[in-house]
2 protein chains.
Amino acid sequence: MGGDNAPDVVLDGVAQALDADSSISILLCGPEQIVVPFALNHSRVEAVIASEVISMDEHPAEAVRQKKDSSIVVGCQMVKDKRAQGFFSAGSTGACLAAATLVIGRIKGVKRPALGVILPAIKRPVFFTDVGANADCKPEYLVQFAKMAVVYMQNILNVENPSVSLLNIGEEDTKGSQFAQEVHALMRTSVPQFAGNCEGGDILEGEFDIVVTDGFTGNVCLKTIEGTSKVLFKYLKRVFVSTLFTKIAAALVMGGLKNLKNTLNPDKYGGSPLLGINGVCIVGHGSSNAEAIKNGILAGAHQVRAHVCEQITAAFSSESQKEV
Amino acid sequence: MGGDNAPDVVLDGVAQALDADSSISILLCGPEQIVVPFALNHSRVEAVIASEVISMDEHPAEAVRQKKDSSIVVGCQMVKDKRAQGFFSAGSTGACLAAATLVIGRIKGVKRPALGVILPAIKRPVFFTDVGANADCKPEYLVQFAKMAVVYMQNILNVENPSVSLLNIGEEDTKGSQFAQEVHALMRTSVPQFAGNCEGGDILEGEFDIVVTDGFTGNVCLKTIEGTSKVLFKYLKRVFVSTLFTKIAAALVMGGLKNLKNTLNPDKYGGSPLLGINGVCIVGHGSSNAEAIKNGILAGAHQVRAHVCEQITAAFSSESQKEV
C-alpha cells in the first residue's frame, strides 16, 4: 500500500521485478483482497496479509508502535525473523525508518542508520548520504555514514577505493559551521578515503564518489537538485513551444531529451538504501512508478547478494575491536 | 581589484553602469595606476586610491584588520563616513562581510547581517536568505533575516505583502531538526507574513516570495541550484551535439536557450545585498562579468533610492520600542 499510486503501480513493479530477475521470490505484504489474488496469479510470490496501513501524514514512530499489522511493520518483522532477506517499501519514509530501526534493529556499533541515494553526476555516479534519516547529527555520526557509504560503493558499484568528501560551504579545512569543522577534523583522522570538503555546486560534477552530510542538509540538497531539474525542464518546455521553429527543434531532439530525463531520473536506481540496519532495507520515493518499484526490489536483491550488511557488520566489528 | 577578472571587467562594468544611469557617480577604489587614468577618462568617476589588495584565500577578518588600505576597507570606510551611499565589490565575500560589519557596522537591533539573493523561480522572483553570511545561527537570527527580507521585497520588488517560508525537510510544523522546529515556532509568533515550511524542491517553484534559512544550508542550497543548472546544461549540450538532427535542432532553438540561460543567470540581479548593515552593501560573485558588475552597482543605487536601510532601521527601532 506504499506510495502515492498504490496498490496498482506496486503490483506492476513487483511483476516487472519477477520478470527481470528469475531467482528472486517476493513476500508481498498488504490487505488480503490485494495480495492473495496477486499471489495466485504469479509464481514466486507469497501473500503475507497485513491489515493496517500507515498513511504519509501519521507520526512515524507512534504509527509503527501502534500499527503492528501494517505492511511496513510486518515486512520489517519478516526481515528480523530471517524469513525475508530484504525489505522494500514506497510508503512513508519516516515510518520505514522507524520500523527498520525499531523492528529490525541496527548493526552493532552503528549509532544511526543513514539514507543514501545514487546521483547521476556528470563524471560518475555519486553516493550522497544522509538524505534525511537524521535531522540532528553529532560529528561522529557523519564519520560512520562515510564508512558505510564506502562499503556500499565498494560492493554495489565496485568502486575499489571510493573518495569521500564532506559537504561544506568552502573548500578550505577551516571553512564552515562549527559542526562542519568538527566533522572535517574527525574525518581527517578516521576516514582513510577522506579527500576534503566540497560545495553544493560540486555534488553533480562528480569529483568525489561519496558526499557526506547531515540528514537535514542532505534532504534539503537532494530535494533542491530534484526541484531545480524539474523547474529547468519546465523552462525548457516554454522555450520549445514558443515558435514553429522551436517546435520543429523539439521534435528533432525529443529522443535525446527523453534519454536525458531518464539519465536524471531518480527512479532508475529505485529508492534509497538505509545503511546501518541489520538487514537490507530500501525506501522508495512516494511518487514511485512501476519502474521505480521494480528497481527498488532489484536493488534490494543486489544488496543481499553483495553482502552489504555483512560487510558493514565486519567493518564496524573490527572497528570496535580496535577501540578495545 | 575584486573578482576573478579584475580589473578589466570591473572597469567595463563601471563604464556600463555610468551609461545606464545618468544620475549616479562612482568613487572607484583601487591601485593608483588603474583608478586615476579611468577617472580622467570618465565623468562622474572619482579615483580613490587604495594600495592594498585582499585576495580570495586570506582569512577575512584578519585581512580586514590588517589591510586598512585595501579597496574593500577603504570603500566601506567611505560609506561609514557618508562620503558614499553604497558599496559594491566582487572581491572576497568573507572580506566584504567582515569589512561591512567591522567598518560600517550593523543597524541598531540587528544581531547578524544576512546575505540574500533573488532567484528566478518559475512563478515569481524569490528572495532567498541567508546564503552564507552566518554559518552558525540562533533561531532569533532567522526571524530577523525574515523581517529584513520583507522590507527588501516591499521596497525593491514592490511586493506589498510578501509571504515568508522557512526552508525545512517537511511541510508540517513538527518536521525538521530541533533548530528548524524552534525557528518555526518563533516565526509563527513574530513574523506576520510567515506562511509555513517549504522544502528544497519548492524554492524554485516560487510558491513563496521569501525563503529563509541559516547561512550554511542557504549557501549549500544556492550552490546546489547553480551547480545543478550548470550540469543540466552540460547534459543538454551532449544531447544537442549527438546527431545531425539534434545539431539542426540546436540551431533552431539556440536563441530561446540563450534567453533561458539569461533568465537563470545570477548575474542579472548583480550580486547579493547584505542586509542589516548601516549602509547599502552589495557583494558580487567572484566570477562576475562586466554585466554583473554593472547590475551590482545599479542594484546598489536602487537600494539607496528605495531607502532600504532606513526602512530596516525603522522596522527594528519600532520593534525594540515594543520590547521596551
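Our subject in this report is the structure included herewith.

The rules behind the values
Residues numbered from 1 in each chain as written. Chains lettered and ligands numbered in written order. Predicted model: local features only at pLDDT ≥ 70, side-chain atom pairs only at ≥ 80, totals over all residues. Heavy atoms only, no water. Helix = DSSP H or I, 4+ residues; strand = E, 2+ residues; numbered from the N terminus. Buried < 20%, exposed > 50% of the residue type's maximum accessible area, 1.4 Å probe, protein only. Axes fitted to C-alpha atoms, helices over the stretch in contact; angles between N-to-C directions. Parallel < 35°, antiparallel > 145°, perpendicular 65-115°, else oblique. Left-handed = near helix turned anticlockwise from the far one by under 90°. Contact = heavy atoms within 4.5 Å. Nonpolar A, V, L, I, M, F, W, Y, C, P; charged D, E, K, R; others polar. Pairing = 2+ DSSP bridges. Buried area = accessible area lost by both parts, 1.4 Å probe. Salt bridge = Lys/Arg side-chain N within 4 Å of Asp/Glu carboxyl O. Polar contact = N/O pair within 3.5 Å; in protein donor to acceptor, adjacent residues only side chain to side chain. Least-squares fit on C-alpha atoms with pLDDT ≥ 70 in both. 1 Å grid on protein atoms, 1.4 Å probe; cavity = no way out; pocket = protein on both sides within 12 Å on 5 of 7 lines; lining within 4 Å. Points joined across faces, edges and corners; volume = space filled by probe spheres on them. Patch = residues over 30% accessible without salt bridge, like charges linked within 9 Å, V, L, I, M, F, W, Y side chains within 5 Å. Areas by Shrake-Rupley, 256 points an atom, 1.4 Å probe, with all protein chains shown as cover. Lys, Arg positive; Asp, Glu negative; His and termini not counted. Charge placed at Lys NZ, Arg CZ, Asp CG, Glu CD.

As a further point, take unusual backbone geometry. Thr129(A) connects to Asp130(A) through a cis peptide bond whose omega is 0 degrees. If you trace the backbone, Asp130(A) turns up in the loop between strand 5 (125-129) and helix 6 (139-156). In the Ramachandran plot, Arg44(B) falls in the positive-phi region, its phi being about 60 degrees despite a non-glycine side chain. Structurally, Arg44(B) can be placed in the loop between helix 2 (32-41) and strand 2 (45-49). On the basis of relative accessibility, which here comes to 33%, the residue Arg44(B) falls in the partly exposed class. In the Ramachandran plot, His307(B) falls in the positive-phi region, its phi being about 55 degrees despite a non-glycine side chain. By secondary structure assignment, the location of His307(B) is in the loop between helix 10 (290-305) and helix 11 (308-323).

All names here are of chain B. For the pair helix 8 (residues 215-240) and helix 9 (residues 244-264), the least separation of the axes is 11 Å and the interaxial angle reads 165 degrees. Accordingly, the angle class assigned to the pair helix 8 and helix 9 is roughly antiparallel. Of the two possible hands of crossing, helix 8 and helix 9 adopt the one that is left-handed. Counting all contacts with helix 8, which are made through Ser229, Phe233, Val239 and Phe240, the residues of helix 9 involved are Thr246, Lys247, Ala249, Ala250, Val253, Leu257, Leu260, Lys261 and Leu264. Residue composition of the contact of helix 8 with helix 9, grouped by class: nine nonpolar, two polar and two charged.

A few words now on the packing of helix 1 (residues 8-20) of chain B against helix 10 of chain B. The angle between the axes and the distance between the axes are what describe a pair of packed helices. Residue and element names in this part refer to chain B. Two elements in contact, helix 1 and helix 10, have axes separated by 7 Å at closest approach and are oriented at 50 degrees. In terms of orientation, helix 1 and helix 10 fall into the oblique class. The two elements helix 1 and helix 10 meet at a crossing, and its hand is right-handed. Within the contact between the two elements, helix 1 uses Val9, Val10, Asp12, Gly13, Val14, Gln16, Ala17 and Ala20 and helix 10 uses Ala290, Glu291, Ile293, Lys294, Ile297 and Leu298.

A few words now on the sheet that holds strand 6 (residues 164-167) of chain B. Residues and elements named next belong to chain B. The sheet built from eight strands is open, its strands ordered 3-10-9-4-5-8-6-7 with mixed pairing. Edge positions in the sheet fall to strand 3 (86-89) and strand 7 (194-198), since each of these pairs with one other strand and no more. The sheet shows a mean angle of 25 degrees between the axes of neighbouring strands, taken without regard to direction. In terms of strand pairing, strand 5 (residues 126-129) meets strand 8 (residues 210-212) through three bridges, oriented parallel. The partner of Thr129 across the bridge, within strand 8, is Val212. Relative to strand 10 (residues 280-283), helix 5 (residues 93-104) is tilted by about 170 degrees, and along the sheet it contacts strand 3, strand 4 (114-119), strand 9 (272-275) and strand 10. Lying on the sheet, helix 10 is in contact with strand 3, strand 9 and strand 10; it crosses strand 10 at an angle near 160 degrees.

What follows is about the interface of chain B and chain A. With 50 residues of chain B in contact, the opposing surface of chain A contributes 50 residues. Summing both partners gives a buried area of about 4,500 Å² for chain B against chain A, and 74% of it is carried by carbon and sulfur. With its nearest N and O atoms 2.2 Å apart, the salt bridge here joins Lys223(A) to Glu199(B). For the interface between chain B and chain A, the tally reads twelve residue pairs in polar contact (both at pLDDT 80 or more). Listing elements by their share of the side of chain B that touches chain A, those giving two or more residues are helix 7 (178-190), helix 8 and helix 9 of chain B. Looking at the side of chain B that touches chain A, the element that brings in the most residues is helix 8 of chain B, giving 21 residues.

Laying chain B over chain A is done by rotating through 180 degrees and shifting 0.0 Å along the axis; what remains is an RMSD of 0.0 Å. Within this description, the copies of the chain are treated as partners about a two-fold rotation axis. When each C-alpha of chain B is compared by its distance to the rotation axis, Ala249(B) comes out closest, at 2.0 Å. Counting the interface residues of chain B, we find that 100% of their copies in chain A are interface residues as well, pointing to one common contact surface.

All names here are of chain A. On the basis of which strands lie adjacent, the open sheet formed by eight strands has the order 3-10-9-4-5-8-6-7 and mixed pairing. Strands at the two margins of the open sheet, each flanked by one partner only, are strand 3 (86-89) and strand 7 (194-198). Within this sheet the neighbouring strands show an average axis-to-axis angle of 25 degrees, counted without direction. Both strand 4 (residues 114-120) and strand 5 contribute to a ladder of five bridges, which runs antiparallel. For Ile118, the partnering residue across the bridge sits in strand 5 and is Phe127. Contacts from helix 5 (residues 93-104) reach strand 3, strand 4, strand 9 (272-275) and strand 10 (280-283), with the element oriented near 170 degrees to strand 10. Those strands touched by helix 10 (residues 290-305) are strand 3, strand 9 and strand 10, and its axis lies near 160 degrees from that of strand 10.

Counted under the stated rule, the structure contains three cavities of 30 Å³ or more. Roughly 70 Å³ of internal volume is contained in the largest cavity. As for the largest cavity, its lining consists of Leu232(A), Phe233(A), Leu236(A), Leu260(A), Leu232(B), Phe233(B), Leu236(B) and Leu260(B). Those elements giving two or more residues to the lining of the largest cavity turn out to be helix 8 (215-240) of chain A together with helix 8 of chain B. Split by residue class, the lining of the largest cavity holds eight nonpolar, no polar and no charged. If you add up the space inside the second largest cavity, you get close to 40 Å³.

Okay, the pattern of salt bridges next. If charged atoms from side chains of opposite charge come close, those side chains can pair. Across all of its chains, the model carries 18 salt bridges over all chains by this definition. Residues Lys234(A) and Glu205(B) are paired through a salt bridge, measuring 2.9 Å at the closest nitrogen-oxygen approach. One end of the pair, Lys234(A), is in helix 8; the other, Glu205(B), is in the loop between strand 7 and strand 8, on a second chain.

A separate point is helix 4 (residues 71-80) of chain A. Residues and elements named next belong to chain A. Within helix 4, eight of the ten residues are buried, which leaves it mostly tucked inside the rest of the structure. Those residues of helix 4 not exposed but buried are Ser71, Ile72, Val73, Val74, Gly75, Cys76, Met78 and Val79. Directly after helix 4, the chain includes Lys82, whose backbone phi takes a positive value near 65 degrees.

Residue and element names in this part refer to chain A. Of all the seven residues making up strand 4, seven are buried; the element is thus mostly covered by neighbouring parts of the structure. Here strand 4 shows no split at all, with Ala114, Gly116, Ile118 and Pro120 on one side and Leu115, Val117 and Leu119 on the other all buried. Joining the antiparallel neighbours strand 4 and strand 5 is a turn of four residues.

Residues and elements named next belong to chain A. Side chains of Arg106, Lys111, Arg112 and Lys138 sit close together on the surface and give a patch of like positive charge. Relative to the helices and strands, Lys138 resides in the loop between strand 5 and helix 6. According to the relative accessible area criterion, Lys138 is partly exposed, its value standing at 46%.

Residue and element names in this part refer to chain A. A cluster of nonpolar side chains, namely Leu244, Phe245 and Ile248, defines an oily patch on the protein surface of about 320 Å² accessible area. Structurally, the position occupied by Phe245 is in helix 9 (residues 244-264). Residue Phe245 is classed as exposed on the basis of its relative accessible area, which comes to 51%.

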